[in-house]
Amino acid sequence: MKSTKTISLTNKIFIALLLGMATGLILYPMRENAFVKTYLIGFLFHFLGNGFVRAIRMVVVPLVLCSLVVGAAGIEDITKLGRVGIKTLTFYLGTTAAAVTLALIGGNIINPGLGVRVSDIAVGSVKVAESKPFVDILLDMIPINPVEALATGNMLQIIVFAILLGVALSLLGEKAAGIKKLFEEGNNISLKLVEIIMLFAPLGVYGLISKTFATMGYSAILPLFKYFIGVVIILLVHCLVTYQGILVLIGKYNPIKFFKKFSPTMMVAFSTASSSACLPSSLKCMQEGFGVSKSISSFTIPLGNTINMDGTAVMQGVATIFIAQIYGIDLTMGNYITIILTATLASIGTAGVPGVGVIMLGMVLVQVGLPLEGIGLVMGIDRFVDMFRTTVNVTGDAVCTLVIAKSEGEILEGAEAQKFEKAKA
């Protein structure tokens, strides 16, 4: 029998990125030719790229609503969260906010899109949301009309409404089992829609990248490379400084021992680019490799798999700076605060599957009024960066689990640890 090898979606998108760059650079000298300008750039590339962007926008609202409701409702008894729940939520949301803040600072230092203008390929007028006082930003998070928020795509309001709805369903228990099941099915359908849309990602990336490079030429190469390197550097800083600093100062754990034991799971995360795919490996590593009790690890790891997406938050922060700079848009302090809040809350609804982070990026861009067409540049690189940021996400889950277990005295140490290691051998 002949073995047939199929190209993975990640490789297809990366190939589409390279082909799009090559096509665009070849057509750049002929960009004013009537056929090239009208039929290739104006029709084919425009249709492929913008059709994909519209498909992304189509799935954002139902995906965020259903995934957040299911995640919040999954906590069967809110009163049992107690001390461990507060510590865990504080860690995950705090580190996510720190991650996107670090990304915004790093993005402004690296300036990946500075000096590049692509306003001539933007669809429609580009308008940045006006800066508002911080108190108004907080008040705007509370929806007066949830249906209107869903219809207009006000993501901050959708997030708040979805979390509150999920908590209500959890408190009602069996009385709302039917509604909870409905949202679970809606979440499954939304994820399947994401899977279907991502099948067309290579065509969308090819169209967007071809149009961009055919219009901009060689000037797009350096910013694209700077964006990729910038994201990876900030991810490494967050993983090695933020996480390991917390692990040493609060968890009193040796980082070298941590990486030695957790490296197999990190490799699973890097190779699959899926936090969900790492869930079994993470649980096994925490319980068998580090000796963390099941009562702690079974709570923190699945919860982190749902709400701890620091790597995604870093990507969203740098990507927002990148897109704003290439479109020549200056972001205000109010915009930065909105980005931090949106990316932090959006991470709760980011499913642990490859490529979904870029869909959540659309939420952040909409919230601060940036053009979604800029996703085209990020998309191809994002599929490659996805491996790095998933590794950071999974590492954060493990660090949180160790810190919480340490503070609760539910991790094997001393003689118990030695006994565990002997049994393991």
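The written sequence of each chain sets the order in which its residues are numbered from 1. Confidence filtering applies because this is a predicted model: local features only for residues at pLDDT of at least 70, side-chain atom pairs given and counted only at 80 or more, and all residues used for totals across whole chains, interfaces and linings. Only hydrogens and water are removed before side-chain values are computed, so all heavy atoms of the structure are retained for them.

1. Structural notes on the overall build of the protein
In step 1: Strands here are runs of E lasting at least two residues and helices are runs of H or I lasting at least four, both read from the DSSP assignment and numbered beginning at the N terminus. Each helix and strand in the protein was counted, giving 17 helices and 0 strands.
In step 2: For the protein, the proportion of its 425 residues judged to be buried stands at 52%.
In step 3: The long-range share in the protein, meaning contacts at least 24 apart out of those at least 6 apart in sequence, stands at 84%.
In step 4: Summed over all atoms, the accessible surface of the protein reaches about 19,400 Å², with 67% contributed by carbon and sulfur. In this scheme, a residue with accessible area under 20% of its type's maximum is buried, one over 50% is exposed, and one in between is partly exposed, where area comes from a 1.4 Å probe on protein chains only. The criterion used for residue contact is that any of the two residues' heavy atoms lie within 4.5 Å. Working definition of accessibility: Shrake-Rupley area with a 1.4 Å probe, residue cover restricted to the visible protein chains.

2. Points about the environment of Ile 41
In step 1: By the element assignment, Ile 41 lies in helix α2 (residues 34-73).
In step 2: A sequence separation of 170 residues divides Ile 41 from Lys 211, and the C-alpha atoms of the two residues are 5.6 Å apart.
In step 3: If sequence neighbours within four positions are ignored, Ile 41 has contacts with Arg 31, Val 36, His 46, Lys 211, Ala 214 and Thr 215.

3. Quick look at the pattern of salt bridges
In step 1: Salt bridges, as used here, are contacts in which a Lys or Arg side-chain nitrogen is within 4 Å of a carboxyl oxygen on Asp or Glu. Enumeration according to the criterion identifies 2 salt bridges in this entry.
In step 2: One salt bridge connects Glu 32 with Lys 37, and the closest N-O pair in it is separated by 3.7 Å.
In step 3: The class of Lys 37 is partly exposed, set by a relative accessible area of 46%.
In step 4: Taking the shortest distance from any N to any O, the salt bridge between Glu 185 and Lys 181 comes out at 3.4 Å.

4. Concerning helix α13 (residues 310-326)
In step 1: Take the number of residues in a helix, subtract one, and multiply by 1.5 Å to get its expected span. Relative to the 24 Å expected for 17 residues at 1.5 Å per residue, α13 spans 24 Å between its end C-alpha atoms, a close match to the ideal helical length.
In step 2: Taken across its 17 residues, α13 has 17 buried, putting it largely inside the fold.
In step 3: Looking one or two places after α13, you find Gly 328, whose phi comes out positive at around 65°.

5. A short note on a nonpolar patch on the surface
In step 1: Residues Met 58, Ile 189, Leu 193, Ile 196, Leu 199, Phe 200 and Leu 203 make up a contiguous nonpolar surface patch of about 690 Å² in total accessible area.
In step 2: If one sorts the elements of the nonpolar patch by residue count, helix α7 (residues 177-199) sits on top with 4 residues.
In step 3: With respect to the element layout, Ile 189 can be found in helix α7. Nonpolar side chains (Val, Leu, Ile, Met, Phe, Trp, Tyr) within 5 Å and like charges within 9 Å form the patches, drawn only from residues with over 30% relative accessible area and no salt bridge.

6. Some thoughts on unusual backbone geometry
In step 1: Phi at Lys 252 takes a positive value of approximately 55°, unusual for a residue other than glycine.
In step 2: By the element assignment, Lys 252 lies in the loop between α9 (221-249) and α10 (255-272).
In step 3: A relative accessible area of 59% means that Lys 252 is categorised as exposed.

7. Description of the UniProt feature "transmembrane region" (unreviewed entry) in the protein
In step 1: Per the UniProt record, "transmembrane region" (unreviewed entry) is annotated on residues 12-28, 59-79, 91-110, 155-172, 193-221, 227-250, 336-353 and 359-381.
In step 2: Overall, residues 155-172 shows 100% helix and 0% strand. The separation of its end C-alpha atoms is 26 Å.
In step 3: Here residues 227-250 is 96% helix and 0% strand, with 33 Å between the C-alpha atoms at its ends. UniProt positions are given in the numbering used here, feature names are shortened, and annotations may be inferred rather than shown by experiment.

8. Some remarks on the packing of aromatic side chains
In step 1: Stacked, tilted and edge-to-face are the three classes applied to pairs of Phe, Tyr and Trp rings, where Trp contributes its six-membered ring and a pair requires centres within 6.5 Å; stacked means planes under 30 degrees apart, edge-to-face means over 60, and tilted covers the rest. Applying the stated criterion across every chain yields a total of 9 aromatic pairs.
In step 2: With centroids separated by 5.6 Å and ring planes inclined at 35°, the aromatic side chains of Phe 35 and Tyr 39 adopt a geometry described as tilted. Of the two residues, Phe 35 and Tyr 39 both sit in helix α2, 4 residues apart, roughly one turn of that helix.
In step 3: Among the aromatic residues, those joined into a ring-pair cluster are Tyr 253, Phe 258, Phe 259, Phe 262 and Phe 290.
In step 4: Sitting over a ring, as applied to charges here, requires NZ of Lys or CZ of Arg to be within 6 Å of the ring centre and within 35 degrees of the ring normal. Positioned above the aromatic ring of Tyr 28, the side-chain terminus of Arg 31 is 4.2 Å from the ring centre.
In step 5: Lying over the aromatic face of Tyr 253, Lys 257 brings its terminal NZ or CZ to 5.6 Å of the ring centre.

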